[in-house]
Amino acid sequence: METEEKNVVPAPAPAPSPTADAVERLNAAREFAGEQYEKVVRAAAEHMEQVNKYTEEARKQINEGWDVTCDRAKELHKAGEAYVKENPTGAVLGALGVGVIVGLLLGIGKR
């Protein structure tokens, strides 16, 4: 009968203890990484401040544009009502003409 020593994996050698130089270099690397991390965090905070200022300005401009657009739409609505009141027959005939043209165009698409 053969021995089963062929399948035995040898135990790993113990890790060498770190030297003072290795510990010093590791601590220096940790300190450098910490400094770099702080730089990145500060830069990100500065960029976020700039982005927030930009988005706030864009929001103001969009709201102003929306207000102008709404005011203009109200003016056009009032002008349209006034035209229909002054020219009811022309408004009805105009709407009928537009309806016929749109109907014909949609009818042609079905053929």
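Predicted model, so just to flag it, every value in this text is computed and none were measured.

Student: Go over the overall build of the protein chain, please, and point to the residues and values.
Tutor: Helix and strand counts for the protein chain stand at 2 helices and 0 strands. Taken over the C-alpha trace, the protein chain has a radius of gyration of 40 Å; the compact-globule value for 111 residues is 13 Å, which it surpasses by more than 25%. For the C-alpha atoms alone, the extent of the protein chain along its principal axes is close to 110 × 55 × 15 Å. Buried positions account for 1% of the 111 residues belonging to the protein chain. About 10,600 Å² of surface is accessible on the protein chain, with carbon and sulfur atoms providing 63% of the total.

Student: Outline the environment of Asn27, listing residues and values.
Tutor: The residue Asn27 is located in helix 1 (residues 20-86) in this model. Expressed as a C-alpha distance, the spacing of Asn27 and Lys53, which sit 26 residues apart in the sequence, is 39 Å.

Student: Any chance you could break down a nonpolar patch on the surface for me, citing the residues and the numbers?
Tutor: A surface patch of nonpolar side chains, about 400 Å² in accessible area, is lined by Leu93, Leu96, Val100 and Leu104. Its location among the elements puts Leu93 in helix 2 (residues 88-110).

The rules behind these values
Residues numbered from 1 in each chain as written. Predicted model: local features only at pLDDT ≥ 70, side-chain atom pairs only at ≥ 80, totals over all residues. Heavy atoms only, no water. Helix = DSSP H or I, 4+ residues; strand = E, 2+ residues; numbered from the N terminus. Rg over C-alpha atoms; globule rule 2.2 N^0.38 Å. Buried < 20%, exposed > 50% of the residue type's maximum accessible area, 1.4 Å probe, protein only. Areas by Shrake-Rupley, 256 points an atom, 1.4 Å probe, with all protein chains shown as cover. Patch = residues over 30% accessible without salt bridge, like charges linked within 9 Å, V, L, I, M, F, W, Y side chains within 5 Å. Salt bridge = Lys/Arg side-chain N within 4 Å of Asp/Glu carboxyl O.

The analysis is restricted to geometry; functional conclusions fall outside its scope.
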